[in-house]
Amino acid sequence: MARNERNNNREVNSELQKKTVGVNRVDRVTKGGRKSRFSAIVVCGDGKNKIGMGMSKNKEVAAAVDKAGKKAEKQMITFPIVNDTIPHQVIGTFGRGKVLLLPAQEGVGVIAGGPVRAVLELTGIKNIRAKCIGTTNKVNCIKATLNALENLRTAEEVAETRNKNVSDL
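Engineer: What is the right way to read the side chain of T123 from this model?
Structural biologist: Structurally, T123 can be placed in the loop between α3 (114-121) and β8 (128-134). Filtering out sequence-adjacent residues up to four positions away, T123 remains in contact with G47, K48, N49, I51, F79, I81 and L149.

Next up, the structure:
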C-alpha cells in the first residue's frame, strides 16, 4: 500500500510545471582565488490554484535548479480563482517591492512583466493585469506576488469572517 501512495505522489508531482526565473553566478574571493557557485530561482505551479517559489545555490547550474525546484514544490500556497481571474484587486509587498494585481475581463490575457509574469502563467489565471511598484528585484517581485495571492479572499470567506450572508455584502 505504501508503494501505491508513493506512485500517486509522483503522479501529482508530474502535473507540476516549473519555470526557471533566474540563474546568477556568485563568487566568493578567498586567498586561494575565486570560488564560484550558482544561485537559481525556480517557480513551480500546477496550473489550477497552487504556486510556489524556491531558491538554491550549488556548484553546478543544473544541481542548483533541481534543488530550487524541490524547494518550490514544498513551499506551495493555494489561492482562490473566480472565472479565470482573481476575485478582487490586491497589493502584495515584500521588502521595498510592491505588486499590484488587478482582475481583468475575459480575453485580456496575462498582462504582466518580468518575474511576475512567470508566476502568473503557472497559476492557472488566464485574465489578469499586474504592475511592479518600487523595486524590480526578481526575488522581491516574486515574493510580493506570492504575498498578494495569499491575501486573496472570496466573497464567501469575507462573509464568513463578518458573520453575514454573501447577499448582505
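Engineer: I would appreciate a short explanation of the pairing of strand β6 (residues 97-103) in the present structure.
Structural biologist: Regular strands show a simple pattern: their side chains alternate between the two faces of the sheet. Across five bridges, strand β5 (residues 90-94) lies against β6 in antiparallel orientation. Paired with I91 across the bridge in β6 is L100. From the end of β5 to the start of β6, which pair antiparallel, there are two residues, and G95 there has a positive phi angle of about 60°. Strand direction decides the pairing type here: β6 and β8, joined by seven bridges, are antiparallel. Bridge pairing links L101 to A130 in β8.

Engineer: Any chance you could explain the sheet that holds strand β4 (residues 77-78) here in plain terms?
Structural biologist: The strand order across the open sheet built from four strands is β1-β2-β3-β4, with neighbouring strands paired in antiparallel fashion. Every interior strand has two partners, whereas the edge strands, β1 (17-30) and β4, have only one. Of the strand pairs in this sheet, strand β2 (residues 33-45) and strand β3 (residues 50-58) are connected by eight bridges, and their pairing is antiparallel. When the sheet's bridge partners are listed, C44 is paired in β3 with G52. Packing against the sheet, α3 makes contact with β1, β2 and β3, and its axis sits at approximately 140° to β1. Contacting β1, β2, β3 and β4, helix α4 (residues 138-150) runs over the sheet at an angle of about 155° to β3.

Parameters and conventions
- Residues numbered from 1 in each chain as written.
- Predicted model: local features only at pLDDT ≥ 70, side-chain atom pairs only at ≥ 80, totals over all residues.
- Heavy atoms only, no water.
- Helix = DSSP H or I, 4+ residues; strand = E, 2+ residues; numbered from the N terminus.
- Contact = heavy atoms within 4.5 Å.
- Pairing = 2+ DSSP bridges.
- Axes fitted to C-alpha atoms, helices over the stretch in contact; angles between N-to-C directions.

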